[in-house]
Amino acid sequence: METPVYKFEPHDYDTVYEPAEDTFLLLDALEEELDAIAARKPSLCVEIGPGSGVVLVALSKHLPVAQTHCIGFDINPNACRMTQKTSRLNGAPVDVVNMDLLAGLRPACIDLLVFNPPYVPTQQTTVSLEEHIDEFNSSKEGQTLVHSWAGGADGRVVTDRVLTDLHRILAPDGLFYLLLLKENKPEEVLKQLNESHFRGSIIKERRIRGEHLYVLRIERSERSTK
Ligand SMILES: C[S@@+](CC[C@H](N)C(=O)[O-])C[C@H]1O[C@@H](n2cnc3c(N)ncnc32)[C@H](O)[C@@H]1O
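Here's a quick rundown of the structure. Computed from a predicted model, the values in this text were never measured in an experiment. (Residues numbered from 1 in each chain as written. Predicted model: local features only at pLDDT ≥ 70, side-chain atom pairs only at ≥ 80, totals over all residues.)

Counting buried positions over the 10 residues of strand β7 (residues 211–220) gives seven, a clear majority of the element. Bridge analysis of strand β5 (residues 170–181) against β7 gives seven bridges, and the strand direction is antiparallel. Paired with L179 across the strands is V215, a residue of β7. When strand β6 (residues 198–208) meets β7, the two strands line up antiparallel, connected through 10 bridges. Residue pairing in the sheet places I208 in a bridge with E211 of β7. (Buried ≥ 20, exposed ≤ 12 C-beta atoms within 10 Å, placed from the backbone. Helix = DSSP H or I, 4+ residues; strand = E, 2+ residues; numbered from the N terminus. Pairing = 2+ DSSP bridges.)

Laid out in structure tokens, this is it:
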């Protein structure tokens, strides 16, 4: 999918994740999946961590407005603002909420879920929404951007929280597209999913500048059709 127009002001580079190779790989994978996605007639499309908003806005441009509500949840308030701005710039309606992952959502409501997580293995542990907003308000710029990429042990701390919640929030016929790095052990993730009523596969991979990136497509192993 074509990358939507986005406009960073100088200070945004310190606080919001700028679209990079991982973003573009996810866009390419989603483009190839558009027919499969349309066939599921998604009512609710959610991106966790939309950052600049380009992935969510690109998806929104390919999904019928009357049918699909697109919404992003980002822990970073400036990423939420940037996603709104990208939405406006492209005339593509998406909502965005400053929230930590998906805790506030009712069960089995997400038809299409997308996540390009903080995937770099680091010592750093993740922070709560409150701590994140405090950091942001105390203008420790550069600090907030760390949470866009710092993934803790195996780069999986945030991703594993989503995977643990997946059974609760994914609709029976839902699809989940997840970007991972080789160091996140995608094969191990797939094995765990296969053992817990999901099935998944690697639908796209790319080696770029020392990173080996994967996009996984995940769905329930016994899905109901609409
Ligand atoms: C690697 S960036 C991806 C940004 C964008 N989706 C892209 O592909 O360019 C990860 C995003 O996840 C957000 N994020 C990190 N932890 C989060 C959490 N617990 N809840 C919601 N968003 C989170 C970050 O603020 C950041 O915007």
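On to the environment of L30, then. Tracing the sequence through the fold places L30 in helix α1 (residues 21–32). Considered as a pair, L30 and Y177 are 147 residues apart in the sequence and their alpha carbons are 8.0 Å apart.

Another point: the nonpolar core. Formed by 54 residues in total, the largest nonpolar core has its most connected members in L26 and Y177. Looking at which element gives the most residues to this core, the answer is β5, with nine residues. (Core = buried A, V, L, I, M, F, W, Y, C linked by C-beta atoms within 7 Å.)

Taken together, 24 residues sit near the ligand, with T23, G49, G51, N76 and N116 positioned nearest. Listed by contribution, the elements that provide at least two residues to the shell around the ligand are α1, β2 (69–74) and α6 (143–149). (Near = placed C-beta within 6 Å.)

Among the secondary structure elements, K85 is positioned in helix α4 (residues 77–89). Judged by C-beta crowding, with 19 C-beta atoms within 10 Å, K85 ranks as partly exposed. For the pair formed by K85 and S52, sequence separation is 33 residues and the distance between their alpha carbons is 8.6 Å.

For the rest of this paragraph, the subject is the sheet that holds strand β3 (residues 95–98). Pairing is mixed in the open sheet, where seven strands are placed in the order β3-β2-β1-β4-β5-β7-β6. Since the sheet does not close on itself, it has two edges, and those belong to β3 and β6, each with one partner. Averaged over all adjacent pairs, the angle separating strand axes in this sheet is 15°, with direction ignored. With respect to the sheet, helix α3 (residues 54–62) is in contact with β1 (44–48), β2 and β4 (110–115), its orientation differing from that of β2 by roughly 175°. Lying on the sheet, helix α7 (residues 157–169) is in contact with β1, β4, β5 and β6; it crosses β5 at an angle near 165°. (Axes fitted to C-alpha atoms, helices over the stretch in contact; angles between N-to-C directions. Contact = placed C-beta atoms within 7 Å.)

Read these as spatial facts, not as claims about activity.
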